[in-house]
Amino acid sequence: GASPPRVSGFPVEGLFLPEGFPVLYPEFVLGIRKSMDSVTSEYLVNLFSPTFLHPGCVAAAKLQKFKIKKCWDVSVMFKFIKTPMFVMTNLFDKLMVQDLGLCTGCSEGAKPGSQEGRFVRFFGGLMQKTANDFHLAQPAAGIFAPSEFHHDENFVQFFSSHEKQIAGESLRSAIERWYWNKEPVFLLEPWCGEASSSGPCPG
């Protein structure tokens, strides 16, 4: 017979924040790559208070002496997840790039040689690394990551009117394969300009 249902998580834009971000665009232009992640986590936890933080991460924060509010940051928190997860995320999150990174002029059409284009590709590289780290920490998890410059609005279309495929597999097929067959899924859409030293870019 069919496999019984199981409790699972299906976060959209589930890699929020990638490790090493936010780097502020005005500082990036000056050659500064220092992350403001601690300040951002503090701000977001207070903004959405009362905030649920992962209990396993909170316990580890107390034991390992890092800030509890860092557990808002998925690049910190994913190491402690036990619930099966299928993560859907854009590799170029428009909200993070424009609002948290303060690059209001950044877009998917930003030219590679421009400061905006370099910043977008820098962000994409951080997302790629975080996705790979997540996969190493949670090899049984699912990841479906389009190379698109959106926050989460395009996923509405993927579920309703537009079949999105990565490596020939649709989002629906990837979810079904992961959920029912319990197969690991790791689908990152290929970059345009993947050989460029300036990093990946949105398609």
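Please refer to the structure placed before this passage.
Owing to the predicted nature of the structure, the values given are computational and were not obtained by experimental measurement.

Trainee: Please clarify how the pairing of strand β3 (residues 142–145) should be interpreted in this entry.
Mentor: The two faces of a sheet get side chains in turn, since along a regular strand they alternate between them. On β3, burial covers both faces: Gly-142 and Phe-144 on one face and Ile-143 and Ala-145 on the other are all buried. Pairing between strand β1 (residues 86–88) and β3: three bridges, direction parallel. Along β3, the bridge assignment pairs Phe-86 with Gly-142. Bridge count for β3 against strand β7 (residues 185–188) is four bridges, and the pairing is parallel. The partner of Phe-144 across the bridge, within β7, is Leu-187.

Trainee: Would you mind showing me how to read the state of the cysteines here?
Mentor: Each disulfide consists of one covalent bond between the sulfur atoms belonging to two cysteines. For the structure shown, the criterion picks out two disulfides. Covalently, Cys-57 is tied to Cys-71 through a disulfide, its sulfur atoms 2.1 Å apart. Across the disulfide from Cys-57 to Cys-71, rotation about the S-S bond amounts to roughly -90°, and the bridge is consequently left-handed. Linking Cys-57 in helix α3 (residues 55–64) with Cys-71 in the loop between α3 and α4 (74–77), this pair joins segments that are 14 residues apart in sequence. Grouping residues by exposure puts Cys-57 and Cys-71 together as buried. In this model Cys-103 forms its disulfide with Cys-106; the gap between the sulfur atoms is 1.9 Å. What sets the handedness of the Cys-103 and Cys-106 disulfide is the S-S torsion sign, and at about 75° it is right-handed. Look at Cys-103 and you get buried, because its relative accessible area is 1%.

Rules used throughout
Residues numbered from 1 in each chain as written. Predicted model: local features only at pLDDT ≥ 70, side-chain atom pairs only at ≥ 80, totals over all residues. Heavy atoms only, no water. Buried < 20%, exposed > 50% of the residue type's maximum accessible area, 1.4 Å probe, protein only. Helix = DSSP H or I, 4+ residues; strand = E, 2+ residues; numbered from the N terminus. Pairing = 2+ DSSP bridges. Disulfide = S-S within 2.5 Å.

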